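Residue-level structure breakdown
The lines below spell out each chain.
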Amino acid sequence: WDRNLGVPYLPGSSVKGMARAWAQYWGAADENTVTRIFGPRGQEKLWAGSVIFFDAFPTTWPEIEIDIMNPHYQEYYTDPSKPPGDWMQPNPIFFLTVKQGQEFEFAVAKRTPGTDDSDVQQAVQLLKDALEYLGAGSKTAVGYGHFTQPTEVDP
């Protein structure tokens, strides 16, 4: 949650990390391109990449829903010597989610004005692919946080 606006958002550092992971670990870009766009990694001196990734915010006031996780075998999870069984009581855990279909605004920019836009264009494509295939935020393995590009509507 953004402290000032009180809405869910994705920090720019997370957006950048997700796009970098897609580029680096899923082979969407070569190592030189990854280093140029995102900056080098694992060095004593940190250098910024050629592209800035901004926080992503909802385009409209977001609709929030309540969802539930319902672990049935809490005793087993805390003490594996107790076998799971139907006699154990479920322990519902409620949490907030952003309603499916909520649009978010993502923004990137070149770090140095007057330079070529090719890195920004490549970063945008890497970000689009990462949002669709990896997802963002928590619980992506169970379907949350996967984005699709909105369809264009002719005026």
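Notes on the structure in this doc start here. (Residues numbered from 1 in each chain as written. Predicted model: local features only at pLDDT ≥ 70, side-chain atom pairs only at ≥ 80, totals over all residues. Heavy atoms only, no water.)

Attention now goes to the packing of aromatic side chains. The geometry of an aromatic ring pair is captured by the separation of the ring centres together with the interplanar angle, meaning the angle of the planes. Summed over all chains, the structure comprises six aromatic pairs. Taking the centre distance of 5.3 Å and the plane angle of 10 degrees together, the rings of Tyr 9 and Phe 57 count as stacked. Residue Tyr 9 is found in the segment before helix H1 (12-25), and its partner Phe 57 is found in strand S2 (residues 57-58); the two are separated by 48 residues along the sequence. Judged by relative accessible area, Tyr 9 falls into the partly exposed class, the value being 26%. (Phe/Tyr/Trp six-rings, centres within 6.5 Å; stacked < 30°, edge-to-face > 60°. Helix = DSSP H or I, 4+ residues; strand = E, 2+ residues; numbered from the N terminus. Buried < 20%, exposed > 50% of the residue type's maximum accessible area, 1.4 Å probe, protein only.)

Here we take up the pattern of salt bridges. Throughout the structure, instances matching the rule amount to three salt bridges. Asp 117 serves as the salt-bridge partner of Lys 110, at 2.8 Å between the closest nitrogen and oxygen. The exposure class of Lys 110 is partly exposed, given its relative accessible area of 28%. A residue is classified by how much of its surface remains accessible, and Asp 117, at 37% relative accessible area, is partly exposed. (Salt bridge = Lys/Arg side-chain N within 4 Å of Asp/Glu carboxyl O.)

Between H1 and helix H2 (residues 31-38), the shortest axis-to-axis distance is 10 Å and the interhelical angle comes to 170 degrees. In terms of orientation, H1 lies roughly antiparallel with respect to H2. Contact residues: Lys 16, Ala 19, Arg 20, Ala 23 and Gln 24 in H1; Glu 31, Val 34 and Phe 38 in H2. (Axes fitted to C-alpha atoms, helices over the stretch in contact; angles between N-to-C directions. Parallel < 35°, antiparallel > 145°, perpendicular 65-115°, else oblique. Contact = heavy atoms within 4.5 Å.)

Let's shift gears to a nonpolar patch on the surface. A cluster of nonpolar side chains, namely Trp 1, Ile 64, Ile 66, Ile 68, Phe 94 and Leu 96, defines an oily patch on the protein surface of about 680 Å² accessible area. Those elements giving two or more residues to the nonpolar patch turn out to be strand S3 (64-69) and strand S4 (93-98). (Patch = residues over 30% accessible without salt bridge, like charges linked within 9 Å, V, L, I, M, F, W, Y side chains within 5 Å. Areas by Shrake-Rupley, 256 points an atom, 1.4 Å probe, with all protein chains shown as cover.)

We now examine the environment of Leu 126. For Leu 126, the location among the structural elements is in helix H4 (residues 118-133). Residue classification places Leu 126 among the buried residues on the basis of a relative accessible area of 4%. A C-alpha to C-alpha distance of 14 Å links Leu 126 and Thr 35, two positions 91 residues apart in sequence.

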